[in-house]
Amino acid sequence: MTTRNSLEKARELEDKGVAVGGLDDDLQVFAPVTANSQPTLDDTRTFGIPFSVVENRPQLLLSSRPKDPTFNAIRNVLNAYFGRFDDDSDDEPTYNDFETWLDLNGDQIVDNDNILAAVERRVTGPIYDRVFDHGTTSLDEYTNDMFNRGQVTVVPTGHLRGETEKLVLLALMTHIVENKIDTGVEHPQIKGTPLLLCVDEAHEYLSSTDRPREQYLVQNFRQAAKRGRKDKFGLYMVTQNPQDIDDEILKQTNTRIYLGLQPEVVERIRIPADYEDQIVTFDKGQAVVDAPDVRPVEVQGLDVCVTNHSN
């Protein structure tokens, strides 16, 4: 409920040039759908993860590291399958079509039966049926709408679970980061739009690992962290376990915001010396901002809410 005190505070801030009251049309929500999950939020546009995202990213199909002959064979199989499609084709690559094609043509691409069997074990499975090619609109079709100057885009994933959620987010984040930092990108809209990518529970996706999917994403984020300023790309990682984030990514994170933390967390991470004891007693809205060549600054939220939140 809006109180007189909050209205007065809002007017005071507006007089100082501070925007208050919410984002209105500048806030857009896009939610991924899979075979067995649909978002329940209102005013949400839904999209599916197209199988085409793996064309140049075979790592997305690897839950564990294969031997080199198997990995090379997976590359060859994917190249042969996607090579059947061109810009003038009316057909689109799909995971179900790929499964059928591999069953009929795999032995023509991979001449070793043992390696072919290993390829099939890696690139087929129920998780891929659940994740790829669902919904009426694909991620590719919504890319231009999702990334616009001055817009806040939210991608909720609370309706997803387990490995399905992880694969969807790995595909989505890889799509964003590669189109932002690479040359000759597929989606210039991402390349040309200044972006701040916020990843909640970042330690679940950006920790050092030997798993090819996660490792591939971490390598992309390392590049993004190193050259983000050049590409007008910022990374904002939200986590209660910063010590679990990949060291190379964390080293490039220059500005850190510390909210209230449990004592056991404080013991594991670097806290500005003046706030080591205080930070465990912080209230909501209270934080410390630590940046290079700047003394740590304590900030505290407004005593009234001036933003309209949706239900």
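Residues numbered from 1 in each chain as written. Predicted model: local features only at pLDDT ≥ 70, side-chain atom pairs only at ≥ 80, totals over all residues. Heavy atoms only, no water.

Caption draft 1: The arrangement of the sheet that holds strand β6 (residues 256-258) in detail. The strand order β6-β7-β8 describes an open sheet built from three strands, whose pairing is antiparallel. Edge strands, defined here as strands with exactly one partner in the open sheet, are β6 and β8 (294-300). Ignoring which end each strand starts from, the neighbouring axes of this sheet average 20 degrees apart. Looking at chain direction, β6 and strand β7 (residues 286-291) are connected through three bridges and run antiparallel. Each bridged residue has a counterpart across the sheet, and for Tyr258 the counterpart in β7 is Val288. (Pairing = 2+ DSSP bridges. Helix = DSSP H or I, 4+ residues; strand = E, 2+ residues; numbered from the N terminus. Axes fitted to C-alpha atoms, helices over the stretch in contact; angles between N-to-C directions.)

Caption draft 2: Quick look at helix α6 (residues 139-146). Those residues of α6 not exposed but buried are Leu139, Tyr142, Thr143 and Met146. Along the long axis of α6, the arc covered by the buried residues comes to 135 degrees, so they all point the same way. Contacts made by the buried residues of α6 are with β1 (27-32), β2 (45-47), β3 (152-154), α7 (162-181) and α8 (188-192). (Buried < 20%, exposed > 50% of the residue type's maximum accessible area, 1.4 Å probe, protein only. Arc of directions from axis to C-beta. Contact = heavy atoms within 4.5 Å.)

Caption draft 3: Region of the structure containing the packing of aromatic side chains. Overall, the coordinates contain 15 aromatic pairs when judged by the stated rule. Residues Phe30 and Tyr142 carry aromatic rings whose centres are separated by 5.3 Å and whose planes lie at 65 degrees to one another, so their mutual orientation is edge-to-face. Here Phe30, found in strand β1, pairs with Tyr142, found in helix α6; they are 112 residues apart in sequence, far enough to count as distant. Each member of the pair, Phe30 as well as Tyr142, carries the same accessibility label: buried. Taken together, Phe51, Tyr81, Phe82, Phe85, Tyr95, Phe98, Trp101, Tyr128 and Phe132 form an aromatic cluster joined through their ring pairs. (Phe/Tyr/Trp six-rings, centres within 6.5 Å; stacked < 30°, edge-to-face > 60°.)

Caption draft 4: Summary view of a negative patch on the surface. Together, Asp90, Asp91, Glu92 and Glu141 line one region of the surface with negative charge. When you line up the elements, Glu92 lands in the loop between α2 (68-82) and α3 (95-109). You can call Glu92 exposed: its relative accessible area is 60%. (Patch = residues over 30% accessible without salt bridge, like charges linked within 9 Å, V, L, I, M, F, W, Y side chains within 5 Å. Areas by Shrake-Rupley, 256 points an atom, 1.4 Å probe, with all protein chains shown as cover. Salt bridge = Lys/Arg side-chain N within 4 Å of Asp/Glu carboxyl O. Lys, Arg positive; Asp, Glu negative; His and termini not counted. Charge placed at Lys NZ, Arg CZ, Asp CG, Glu CD.)

Caption draft 5: Molecular detail of the environment of Ala273. Following the sequence through the fold, Ala273 ends up in the loop between α11 (263-266) and β7. Taking the relative accessible area as the measure of exposure, Ala273 reaches 63% and is therefore exposed.

Caption draft 6: Region of the structure containing α2. Taking 1.5 Å of rise per residue, the 15 residues of α2 would be expected to cover 21 Å, and the 21 Å separating its terminal C-alpha atoms lies within 8% of that figure. In this structure, the buried residues of α2 make contact with α3 and α4 (113-123). (Expected span 1.5 Å × (residues − 1).)

Caption draft 7: Examining a nonpolar patch on the surface more closely. Where nonpolar side chains cluster on the molecular surface, the patch consists of Leu196, Tyr236, Val238, Ile257 and Leu259 and spans about 480 Å² of accessible area. Inspection of the secondary structure puts Tyr236 in strand β5 (residues 233-237). Judged by relative accessible area, Tyr236 falls into the partly exposed class, the value being 40%.

Caption draft 8: Quick peek at the nonpolar core. Counting 60 residues, the largest nonpolar core has Ile49, Phe51, Val54, Phe98, Phe132, Leu206 and Phe221 as the members making the most contacts within it. Not counting residues within four places of it along the chain, the set of residues in contact with Phe221 comprises Met173, Val177, Leu197, Val199, Leu206, Leu235 and Ile249. (Core = buried A, V, L, I, M, F, W, Y, C linked by side-chain atoms within 4.5 Å.)

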